[in-house]
Amino acid sequence: MTSPNSVFTELSVTTFKKHRKEIIDNISNRNALLAALNKRGNVRVEDGGYSIVEPLEYAENGTYQRYSGYDTLNISASEVISAAEFQWRNVAVNVVASGTEMRTNSGDTKLINLVKSRVKNAIHTFKNNFSSDLYSDGSLANQITGLQAMVADNQVGTIGNINATNFTFWKNKLQSAAAPIQGGGAITPSAVAGVMDSLMLPLYLQLSKGGDTPDLIIADDNYYTFYENSQVGYRRYTSDDGTANSGFTKLRYKNAEVLADGGSGITSNHMYMLNTSYLHLVVHRDANMTPMEEMKPYNQDAIVIPILWMGNLTCSNRSMQGVMKA
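Below you will find a few notes about this structure. (Residues numbered from 1 in each chain as written. Predicted model: local features only at pLDDT ≥ 70, side-chain atom pairs only at ≥ 80, totals over all residues. Heavy atoms only, no water.)

### Observations concerning the overall build of the protein
Counting its regular elements, the protein contains 8 helices and 14 strands. Relative to all contacts within the protein whose residues are 6 or more apart in sequence, the contacts with residues 24 or more apart total 73%. When the accessible surface of the protein is summed, it comes to about 16300 Å², and 50% of that surface belongs to carbon and sulfur atoms. Placing the 28 positive and 30 negative side-chain charges of the protein at their respective mean positions leaves the two points 4 Å apart. (Helix = DSSP H or I, 4+ residues; strand = E, 2+ residues; numbered from the N terminus. Contact = heavy atoms within 4.5 Å. Areas by Shrake-Rupley, 256 points an atom, 1.4 Å probe, with all protein chains shown as cover. Lys, Arg positive; Asp, Glu negative; His and termini not counted. Charge placed at Lys NZ, Arg CZ, Asp CG, Glu CD.)

### Some thoughts on the side chain of Asn42
Looking at the element boundaries, Asn42 is found in the loop between α3 (32-39) and β1 (43-46). With residues near it in sequence (within four places) discarded, Asn42 still touches Leu37, Thr276, Ser277, Leu279, His280 and Leu281.

### Section: the pattern of salt bridges
A side chain with one charge can pair with a side chain of the opposite charge if their charged atoms come near. Following the criterion strictly, the structure yields 10 salt bridges and no others. Put simply, Asp215 and Arg40 hold a salt bridge, and the shortest N to O gap is 2.9 Å. You can see Asp215 sitting in the loop between α7 (195-206) and β8 (216-219) and its partner Arg40 sitting in the loop between α3 and β1, a full 175 residues away along the chain. Judged by relative accessible area, Asp215 falls into the buried class, the value being 19%. (Salt bridge = Lys/Arg side-chain N within 4 Å of Asp/Glu carboxyl O. Buried < 20%, exposed > 50% of the residue type's maximum accessible area, 1.4 Å probe, protein only.)

### Things to note about helix α5 (residues 108-134)
The terminal C-alpha atoms of α5, which comprises 27 residues, lie 39 Å apart, in line with the 39 Å expected from a rise of 1.5 Å per residue. Listed in full, the buried residues belonging to α5 are Leu111, Leu114, Val115, Val119, Ala122, Ile123, Phe126, Lys127, Phe130, Ser131, Asp133 and Leu134. (Expected span 1.5 Å × (residues − 1).)

### Overview of the packing of aromatic side chains
Using the criterion set out here, one finds 7 aromatic pairs in the structure. Between Phe126 and Phe130, the ring centres sit 5.2 Å apart and the planes meet at 15°, which makes this aromatic pair stacked. Of this pair, Phe126 and Phe130 both sit in helix α5, 4 residues apart, which is roughly one turn of the helix. You can call Phe126 buried: its relative accessible area is 4%. Of the residues examined, Phe130 reaches a relative accessible area of 4% and is grouped as buried. (Phe/Tyr/Trp six-rings, centres within 6.5 Å; stacked < 30°, edge-to-face > 60°.)

### Looking at the sheet that holds β8
As summarised here, the arrangement of the 6 strands in space is β7-β14-β11-β8-β10-β9, forming an open sheet in which the pairing is mixed. The open sheet has two edge strands, β7 (173-176) and β9 (250-253), and neither has a second partner. Across the sheet, the mean angle from the axis of one strand to that of its neighbour is 20°, orientation sign disregarded. Of the pairings in the sheet, the one linking β8 to strand β10 (residues 256-260) comprises 4 bridges and is parallel in character. What sits directly across from Ile218, in β10, is Leu259. On top of the sheet, α3 reaches β8, β9, β10 and β11 (270-274); it is set at about 165° to β8, its chief contact. Strands in contact with helix α8 (residues 221-230) are β8, β9, β10, β11 and β14 (322-325); relative to β9, the strand with the most contacts, it is inclined by about 65°. (Pairing = 2+ DSSP bridges. Axes fitted to C-alpha atoms, helices over the stretch in contact; angles between N-to-C directions.)

### Considerations on the nonpolar core
The biggest cluster of nonpolar side chains holds 60 residues, and the ones touching the most others in it are Phe8, Leu33, Leu274 and Leu281. Counting residues per element, this core draws most heavily on α5, which supplies 9 residues. Look past the residues within four positions of Phe8 in its chain and what remains in contact with it is Val95, Val96, Ala97, Met102, Leu111, Leu114, Val115, Arg118, Ile303 and Ile305. Ala177, Leu199, Tyr224 and Leu251 belong to the second-largest nonpolar core, a separate cluster that totals 20 residues. (Core = buried A, V, L, I, M, F, W, Y, C linked by side-chain atoms within 4.5 Å.)

### Topic: unusual backbone geometry
For Gln155, which is not a glycine, the phi torsion comes out positive at approximately 70°. Within the chain, Asn269 stands out as a residue other than glycine whose phi angle is a positive 55°.

### Quick notes on helix α2 (residues 20-28)
Looking only at α2, the buried set comprises Ile23, Ile27 and Ser28. End-on, the buried residues of α2 take up no more than an arc of 140°, which puts them together on one face. Opposite the packed face of α2, turned more than 90 degrees from it, sit the exposed residues Lys21 and Glu22. Tucked into the core, α2 has its buried residues touching α1 (4-18), α3, α5 and β12 (279-291). (Arc of directions from axis to C-beta.)

### Quick word on the environment of Gly146
Relative to the assigned elements, Gly146 resides in the loop between α5 and α6 (147-150). Judged by its relative accessible area of 0%, Gly146 falls in the buried class. Linking Gly146 and Phe130, residues 16 residues apart in sequence, is a C-alpha distance of 9.9 Å. Each residue touching Gly146, except ones within four places of it in the same chain, is listed here: Asp133, Leu134, Tyr135, Ser136 and Gly138.

### Let's talk about the side chain of Ser316
On the secondary structure map, Ser316 appears in the loop between β13 (302-315) and β14. The class for Ser316 is buried, based on a relative accessible area of 2%. Those residues in contact with Ser316, other than ones at most four positions away along the chain, are Glu54, Pro55, Leu56, Glu57, Trp170 and Tyr278.

### Structural notes on a nonpolar patch on the surface
On the surface, Tyr67, Leu73 and Ile75 cluster together into a nonpolar patch covering about 380 Å² of accessible area. Summarising the element assignment, Tyr67 is placed in the loop between β2 (52-55) and β3 (83-86). On the basis of relative accessibility, which here comes to 51%, the residue Tyr67 falls in the exposed class. (Patch = residues over 30% accessible without salt bridge, like charges linked within 9 Å, V, L, I, M, F, W, Y side chains within 5 Å.)

Following this line, the structure appears as structure tokens:
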């Protein structure tokens, strides 16, 4: 007779494998940044390597010079950084059931319902925690490089093994309402017409090089509300299927989508102005919400099925990313 333990394991693993894409899409739709990267094809699967190497879109070189005639050319060696190196980060969430639970739910329908509830709980747990990690400063042990670190309030930090204090080309842009980059006195963010534009436009211009401009703006609820209410009379909504009611609530600012993501872990009173051409979520091929073999604790009557994820958020041009804060 087939034991409830083996049936529970088989059902759990089969559920994850059969609905893996649906599960991943469901997780992506919990977080505006992840949804945008997924939509743009910026979730990349790799099959290994000691670390994640992200070639830079540009590198500083001190030999550029203007010359005429027989001027001596500058052929001195330049320290050129050609790639950022991000460490793999690992996440596990477990589908767990005690022997008592499996035996008391040993009927087909009851066991299926038990599996559904435990799988649903695992997915919900992963969604909430991973969403917070994406917006984090990456300071917790083994945490991915979150947006607070990648697009930092102080513009520096060591990201991708490059220290922005030593290599200024690796600094992100910053617009502080307390000390605006365009000069002048402090500006208090509000829904008053023109106030948010007076903060957003200087940052947008700093992040624009020809046709290379920000394409995604993500704000907490406060800043999104200020922006939306300041646009009364000429709001432009956008969505994936052409209606204003699908997915995340979206407005537009010039060429960029503006999304609210206040419930996903984004820092209060922050707006991130991003160029997603240079942002990727890299995932390992063998650990992309992948169920492992069951484990049985030696001193417990239970089954544990680990679901593993391995990867990191990466950037190839930090200078094209900006943050606006109070």
